[in-house]
Amino acid sequence: MNRIVTLDEFIIHRQKDFPYASGELTGLLRDIGVAAKIVNREVNKAGLVNILGVEGNAENASGDTVQKLDIYANEKLIDCLKNSGECCGIASEENEDIIQIPAVESKNAKYVVAFDPLDGSSNIDVNVSVGTIFGIYRRISDPEGPCTVDDFLQKGVKLVAAGYVIYGTSTILVYTTGRGVNGFTLDPSIGEFCLSHRDIKIPDRGNYYSVNQGYYLKFDVEMRRYIDYCSDLNLRLRYIGSMVSDIHRSLLQGGIFLYPNTRKYPKGKLRLIYECNPLAFVVEQAGGKAITCQLERILDLEPKELHERSTIVIGSPVMVDEMKNFIERYSVPAYSTQE
Ligand code: AHG
Ligand code: MN
Ligand code: MN
């Protein structure tokens, strides 16, 4: 039997790949692993401790209804990162503004972390998979002062690390530092993430497509034609309502995930900094592609504001290219203007 490799061992081993690494990024990744275990514990007992359901009629900074578990996950991640000392700033989907961590607590750390603490929160009440998404940037602001919003408004190509956690049938943490993608499954008996998916490579194509087909009539013509094409090919439609889970399936088995512009969300629904960029980095590192419905590479987009949204087409490279052909062939210029 192969020896078990824990996430901590793996991260420390990989630190040697970065000749000038100070251990700060290593520490930060380990702290995110700890936060993931804490969130996992709460997700698993959500049905038992009355933290299900919507928190009043609260809406988050992006205008979505907030679930109690979102708030819990958000608080835990913020606590872990604040205490880690390896991070000088945080941006969360659930917070309007960035959180600056004072230099004394952060030891003048040079990284900032952006995250979606709980992705797929509409799934919580019904015991379906949810996830956490994170991206780590090196700060660009003056290291002598507090971090600034510009540290987070960097293009996705500037990510130093990114990943996600799925709280599903098993809890899996997948991350990349730009040298391939590896996945770790939480072994609850020892409380450790153990290497289970080494050097993940996304298949060139797959049998699955993920899109909210309920919006079919609200999609632009190229999207409707592509969905018809998937249906003609007898591809299997899977849509969980948590992009982490849908993209994880594509990563392992091949497939495509799409969230285009709709009448309600003319620029797309998903958040560039908290969702699209980290997942695009992971998928590209595994050999996949991620573009917008306007055919820009997600990682090349220049964010203008923290809670900016983007359309996304992400997954197996051949399938993304096919979708690109549909857009080139059928799209009418600019965003949908239908109401
Ligand atoms: P979140 O729970 O963080 O707001 O994210 C949910 C996102 C994404 O994960 C999912 O694929 C999508 O919203 C679902 O949206 P629709 O219900 O509009 O399809
Ligand atoms: Mn989300
Ligand atoms: Mn969320």
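Residues numbered from 1 in each chain as written. Chains lettered and ligands numbered in written order. Predicted model: local features only at pLDDT ≥ 70, side-chain atom pairs only at ≥ 80, totals over all residues. Heavy atoms only, no water.

Attention shifts here to the packing of helix α2 (residues 24–44) against helix α3 (residues 68–84). Two elements in contact, α2 and α3, have axes separated by 9 Å at closest approach and are oriented at 150°. Classified by the angle their axes make, α2 and α3 are roughly antiparallel. As for how α2 packs across α3, the hand of that crossing is right-handed. Here α2 contributes L28, D31, I32, A35, I38, V39, R41, E42 and V43 to the contact with α3, which in turn contributes L69, Y72, A73, K76, L77, C80, L81 and S84. Within the contact of α2 with α3, the residues separate by chemical class into 12 nonpolar, 1 polar and 4 charged. (Axes fitted to C-alpha atoms, helices over the stretch in contact; angles between N-to-C directions. Helix = DSSP H or I, 4+ residues; strand = E, 2+ residues; numbered from the N terminus. Parallel < 35°, antiparallel > 145°, perpendicular 65-115°, else oblique. Left-handed = near helix turned anticlockwise from the far one by under 90°. Contact = heavy atoms within 4.5 Å. Nonpolar A, V, L, I, M, F, W, Y, C, P; charged D, E, K, R; others polar.)

Below, the discussion takes up a nonpolar patch on the surface. Together, V126, V128 and I240 make up an exposed nonpolar region whose accessible area comes to about 220 Å². Its location among the elements puts V126 in the loop between β5 (111–119) and β6 (130–138). (Patch = residues over 30% accessible without salt bridge, like charges linked within 9 Å, V, L, I, M, F, W, Y side chains within 5 Å. Areas by Shrake-Rupley, 256 points an atom, 1.4 Å probe, with all protein chains shown as cover. Salt bridge = Lys/Arg side-chain N within 4 Å of Asp/Glu carboxyl O.)

Taken N-terminus to C-terminus, the directions of helix α1 (residues 7–15) and α2 make an angle of 165°; their axes are 10 Å apart at the nearest point. Comparing their axes, α2 and α1 come out roughly antiparallel. Crossing of α1 over α2 shows right-handed handedness. Here L7, D8, I11, I12 and Q15 of α1 come into contact with α2, specifically with T26, L29, R30 and G33.

Another aspect to go through is the coordination of the manganese ion (ligand 2). The manganese ion (ligand 2) binds to the protein through D116 (OD), D119 (OD) and E275 (OE), with metal-donor distances spanning 1.9 to 2.2 Å. Here the donor residues of the manganese ion (ligand 2) are spaced in sequence according to D-x2-D-x155-E. If you look at the manganese ion (ligand 2) and the manganese ion (ligand 3), they sit 3.7 Å from each other and are both ligated by D116. In terms of burial, D116 and D119 fall into one category: buried. (Donors = N, O, S within 2.8 Å, 3.2 Å for Na, K, Ca; no water. Buried < 20%, exposed > 50% of the residue type's maximum accessible area, 1.4 Å probe, protein only.)

Distances from the manganese ion (ligand 3) to its protein donors, E93 (OE), D116 (OD) and L118 (O), fall within 2.2 to 2.4 Å. Sequence spacing among the residues donating to the manganese ion (ligand 3) works out to E-x22-D-x1-L.

What follows deals with the pairing of strand β9 (residues 181–187). Burial of β9 is extensive: 6 of the 7 residues sit out of reach of the surface. Two strands pair when backbone bridges link them, and strand β8 (residues 171–176) and β9 are joined in this way by 5 bridges, in the antiparallel orientation. Across the sheet, the residue bridging to L173 is F184, located in β9. The turn linking β8 back onto β9 is made up of 4 residues, and G178 within it adopts a positive phi angle of 95°. Across 5 bridges, the pairing between β9 and strand β10 (residues 192–197) is antiparallel. Paired with G183 across the strands is H197, a residue of β10. Here β9 folds back onto β10, and the loop between the two strands holds 4 residues, one of which, G191, carries a positive phi near 65°. (Pairing = 2+ DSSP bridges.)

Among the 19 residues in the neighbourhood of ligand 1, the closest are listed as D119, Y215, Y239, M243 and Y259. At 3.2 Å, a backbone N or O of L118 approaches an oxygen atom of ligand 1. Within the side chain of Y239, an N or O atom sits 2.5 Å from an oxygen atom of ligand 1. Its free accessible area being 470 Å², ligand 1 has 88% of it covered by the protein chains. Taken together, the elements giving at least two residues each to the shell around ligand 1 come down to β5, β13 (255–259) and β14 (270–271). Here the shell around ligand 1 gets 3 residues from one element, more than from any other, and that element is β5. Looking at side-chain class alone, the shell around ligand 1 contains 7 nonpolar, 5 polar and 7 charged residues. (Near = heavy atom within 4 Å. Polar contact = N/O pair within 3.5 Å; in protein donor to acceptor, adjacent residues only side chain to side chain.)

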